[in-house]
Amino acid sequence: MSVAEDVQIKVLTAGEVEDLVGWAALEGWNPGHGDAAAFRSADPEGFIGCFVDGRLAAGISAVRYRDGFGFIGLYICHPDFRGRGLGRRVWEAGMAHLADRVIGLDGVVEQQANYGCMGFAPAYDTVRWSIERMPALPASFARCEAITEGDTGEILALDRAFFPAPREDFLTDWLKPPRRAFLCRRQGVVAGYAVMRPCLNGYKIGPLFAMDGRTAEDLLKICLANLKGEEVHLDVPEYQEGFRYLLGRLGFRQGFQTSRMYRDEPPSVQKTGVYAITTLELG
C-alpha cells in the first residue's frame, strides 16, 4: 500500500450500501431487488466500508439487533484491492461495532476454518435448495393468505420465537413490495409466515417460519403456486429432514452449503420452526 494513499473506515451511505449489494451480485450471491434499503433499516450504522483515496475498497454488514445479538454479512473486498489487508481492517471495524454481543454469521465451507480462528463455532449447516423452473401447483390453500399491513403486529410477535432478537424495523420493510408475504392461521392464530423475494435470478423464499411441518408445507406451496415458471431458492437448515424431503419431491436440488456459526453461546430460539432462514446476509 502506497504511503500516499488515504485510507478511511466509515459508515456507508444508502447509495454505498447499494454499491456493496451490487458487489454481492458480481460475486454470484444473487441479491434481491430492494435489498439494500431493507437491510439498512435493520441498523443504519451497521454497514461499514474501507475507502482508499475516496473509493470503496471493502465492505461489511455488522448489524446490531437488540437483546445483545449481532450478525455479520456482506463481507467483500473489491478485486482491485485484494491482498492488501483492507478486508481485515473492515472486519475489525465491524466487530468493534458489534462489541461484546453474541454474533452470528453464515460461513461458506472455504472460510469456516478462518472464522473458527476468530472465535466462531458451527451450530448447524444450511443448504441452498433450488429449482430452475417451478411447475404449476394448485393456487388455493384455505389456511394461507397474503399478509396485509394489519397483520404486522402478529408477524412481529411470531418472529420472536424463531429469530434471536426483535427486528421490527427490518421486518416492517421486509414485508413490503417488491417482496410478497403470506401467513397461515390455525384456529384464528398466526402459526407461520413466509416471504417471497424477487432476486436478480428468480426468487428466494425466506424466512419461512412455522409452528409445525404441516403449516410449513402449506406456506411453501402457496408461495410456489405464485411462482409458476420462476427459478426459486431457499436456504434450509440441514436438520429439517422432512422439509428437505418435500423439496426433493417437488423437484428442488441441493446447491452450495454454509454453516451458521456463532461467537459465544448460540442464542435460544425454536430451531424446529426455522424451515428457511431469512437471508445469508442478515441472519
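This structure is a prediction, so every number in the text was calculated from the model and none was measured.

A few words on the overall build of the protein. Per the secondary structure count, the protein includes eight helices and 13 strands. Viewed in the frame of its principal axes, the protein has a C-alpha envelope of about 65 × 35 × 35 Å. Taking as baseline every contact in the protein between residues at least 6 positions apart, the subset at least 24 positions apart corresponds to 75%. Counting every atom, the protein has about 12400 Å² of accessible surface; 49% of that belongs to carbon and sulfur. Computed over 31 positive and 37 negative side-chain charges, the inter-centroid distance for the protein is 4 Å.

This part takes up the nonpolar core. Phe39, Phe47, Tyr65, Phe170, Tyr193 and Leu282 are the most contacted members of the largest nonpolar core, which has 42 residues in total. Ranked by the residues each element gives to this core, the list is headed by helix H1 (residues 14-26), at five residues. Leaving out residues up to four positions away in the same chain, phenylalanine 39 has contacts with Val21, Phe47, Leu74, Phe170, Trp174, Arg197, Thr279, Glu281 and Leu282.

With that out of the way, let us pick up helix H7 (residues 213-225). Here H7 is 13 residues long and its end C-alpha atoms lie 18 Å apart, about the 18 Å a rise of 1.5 Å per residue gives. Looking at where H7 begins, the residue whose side-chain oxygen comes 3.1 Å from the main-chain nitrogen of arginine 214 is aspartate 212.

Moving on: the packing of H7 against helix H8 (residues 241-249). For the pair H7 and H8, the least separation of the axes is 11 Å and the interaxial angle reads 30°. The angle between H7 and H8 places the two elements in the roughly parallel class. Helix-helix and strand crossings are classified by hand; for H7 and H8 the assignment is right-handed. Only Phe243, Leu246 and Leu247 of H8 make contact with H7, whose side of the interface consists of Ala216, Glu217, Leu220 and Lys221. Its residues placed into classes, the contact of H7 with H8 shows five nonpolar, no polar and two charged.

With that settled, consider unusual backbone geometry. For the bond running from proline 177 to proline 178, omega is 15°, close enough to zero to count as cis. Each neighbour pair has its own omega, and for glycine 206 with proline 207 the value is 0°, a cis peptide bond. By secondary structure assignment, the location of proline 207 is in strand E10 (residues 203-210). In this structure, leucine 74 is a non-glycine residue whose phi angle is positive, near 45°. Looking at the element boundaries, leucine 74 is found in strand E4 (residues 69-77). Classification of leucine 74 as buried rests on a relative accessible area of 3%. Unlike most non-glycine residues, aspartate 264 shows phi in positive territory, near 80°.

Time to look at the packing of H1 against helix H2 (residues 35-42). Between H1 and H2, the least distance of the axes is 9 Å, while the angle of their chain directions is 120°. With respect to H2, the axis of H1 lies oblique. The hand of the H1/H2 crossing is right-handed. Together, Ala14, Val17, Glu18 and Val21 of H1 and Asp35, Ala36, Phe39 and Arg40 of H2 make up the contact between the two elements. When grouped by side-chain class, the residues that make up the contact of H1 with H2 number five nonpolar, no polar and three charged.

Right, let's talk about the environment of alanine 121 for a bit. Along the polypeptide, alanine 121 turns up in strand E6 (residues 120-131). Once you skip the residues sitting within four places of it in the chain, alanine 121 turns out to touch Arg260, Met261 and Tyr262.

Let us look at the environment of serine 130. Tracing the sequence through the fold places serine 130 in strand E6. Aside from chain neighbours lying at most four places away, what touches serine 130 is Val232, His233, Gly251, Phe252 and Arg253. Among the polar contacts made by the side chain of serine 130, one reaches the side chain of histidine 233 at a distance of 2.6 Å.

Here we take up the state of the cysteines. Taken as a whole, this structure holds zero disulfides when the rule is applied. With no disulfide of its own, cysteine 144 lies 3.9 Å from the sulfur of cysteine 184, the closest cysteine sulfur.

Using the criterion set out here, one finds 15 aromatic pairs in the structure. Aromatic pair phenylalanine 69 and tyrosine 262: ring centres 6.4 Å apart, planes at 50°, arrangement tilted. You can see phenylalanine 69 sitting in strand E4 and its partner tyrosine 262 sitting in strand E12 (residues 253-263), a full 193 residues away along the chain. Exposure class is identical for phenylalanine 69 and tyrosine 262. Each is buried.

Of all eight residues in E10, eight are buried; the element is thus mostly enclosed. Bridge count between strand E9 (residues 189-198) and E10: six bridges; the pairing is antiparallel. Considered in E10, the bridge of tyrosine 193 is made with phenylalanine 209. Between E9 and E10, which pair antiparallel in sequence order, lie four residues; one of them, glycine 202, sits at a positive phi of approximately 70°. In this sheet, strand E11 (residues 232-237) lies alongside E10 in parallel orientation, the contact comprising two bridges. For lysine 204, the partnering residue across the bridge sits in E11 and is histidine 233. Of the crossover connections in this fold, the one passing from E10 over H7 to the parallel E11 is right-handed. By the bridge criterion, two bridges tie E10 to strand E13 (residues 274-276) in an arrangement that is antiparallel.

Criteria and thresholds
- Residues numbered from 1 in each chain as written.
- Predicted model: local features only at pLDDT ≥ 70, side-chain atom pairs only at ≥ 80, totals over all residues.
- Heavy atoms only, no water.
- Helix = DSSP H or I, 4+ residues; strand = E, 2+ residues; numbered from the N terminus.
- Contact = heavy atoms within 4.5 Å.
- Areas by Shrake-Rupley, 256 points an atom, 1.4 Å probe, with all protein chains shown as cover.
- Lys, Arg positive; Asp, Glu negative; His and termini not counted.
- Charge placed at Lys NZ, Arg CZ, Asp CG, Glu CD.
- Core = buried A, V, L, I, M, F, W, Y, C linked by side-chain atoms within 4.5 Å.
- Buried < 20%, exposed > 50% of the residue type's maximum accessible area, 1.4 Å probe, protein only.
- Expected span 1.5 Å × (residues − 1).
- Polar contact = N/O pair within 3.5 Å; in protein donor to acceptor, adjacent residues only side chain to side chain.
- Axes fitted to C-alpha atoms, helices over the stretch in contact; angles between N-to-C directions.
- Parallel < 35°, antiparallel > 145°, perpendicular 65-115°, else oblique.
- Left-handed = near helix turned anticlockwise from the far one by under 90°.
- Nonpolar A, V, L, I, M, F, W, Y, C, P; charged D, E, K, R; others polar.
- Disulfide = S-S within 2.5 Å.
- Phe/Tyr/Trp six-rings, centres within 6.5 Å; stacked < 30°, edge-to-face > 60°.
- Pairing = 2+ DSSP bridges.
- Right-handed = clockwise from strand over helix to strand, strands pointing away.

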